[in-house]
Amino acid sequence: AVVSTQSTGYRDESRNGVKAAHPTLRHEAQESFKTLKEASFCMRAAQLFNRMPANVRESTDLLSLKIELGNFLNTIPDYPPVKGYSSPRDNSLVALLPEA
């Protein structure tokens, strides 16, 4: 198999808190598989989750997650694309936020 048997889930790192794990590929995997993996939902979701601040990542219930996520997203500037104009910034959270 190209994808390792390691399951996707969460890991608790003592230094950085809760992080999302993502599936890994074997080193001998073809470049097309690597490209597909990078664009996959599992990979993008893990990247986004890992960029959230600790108070969002470590929420213990759905209500606190919604509140913390809403508060965090209210601090992010929104640069929607405007037809006919090029934006100097990417509107993606992956591009805007450093890995936490």
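Residues numbered from 1 in each chain as written. Predicted model: local features only at pLDDT ≥ 70, side-chain atom pairs only at ≥ 80, totals over all residues. Heavy atoms only, no water.

Q: I keep staring at the confidence of the model for the protein and nothing clicks. Help me out?
A: Parts of the prediction with low pLDDT should not have their coordinates interpreted in detail. Residues of the protein with pLDDT of at least 70 account for 67%, and the chain-wide mean is 75. Per-residue pLDDT, averaged within each element of the protein, yields its smallest value for strand 1 (residues 10-13) (67) and its largest for helix 4 (residues 62-73) (94). Contacts from residues 1-7, a stretch scored under 50 in pLDDT, to residues over four places away or in other chains number eleven contacts. (pLDDT = per-residue confidence, 0-100. Helix = DSSP H or I, 4+ residues; strand = E, 2+ residues; numbered from the N terminus. Contact = heavy atoms within 4.5 Å.)

Q: What am I meant to see in the nonpolar core here?
A: For soluble globular proteins, the rule of thumb is that nonpolar side chains tend to be buried together. The biggest cluster of nonpolar side chains holds five residues, and these are Met52, Val56, Phe72, Ile76 and Leu97. Excluding residues within four positions of it along the chain, Phe72 makes contact with Met52, Pro53, Val56 and Leu97. (Core = buried A, V, L, I, M, F, W, Y, C linked by side-chain atoms within 4.5 Å. Buried < 20%, exposed > 50% of the residue type's maximum accessible area, 1.4 Å probe, protein only.)

Q: What is the right way to read helix 2 (residues 41-51) from this model?
A: An α-helical turn contains 3.6 residues, so any two residues separated by three or four positions project in the same direction. For helix 2, the complete set of buried residues consists of Met43, Ala46, Gln47, Asn50 and Arg51. Angular distribution of buried residues about the axis of helix 2 spans 130°; they occupy a single face of the element. (Arc of directions from axis to C-beta.)

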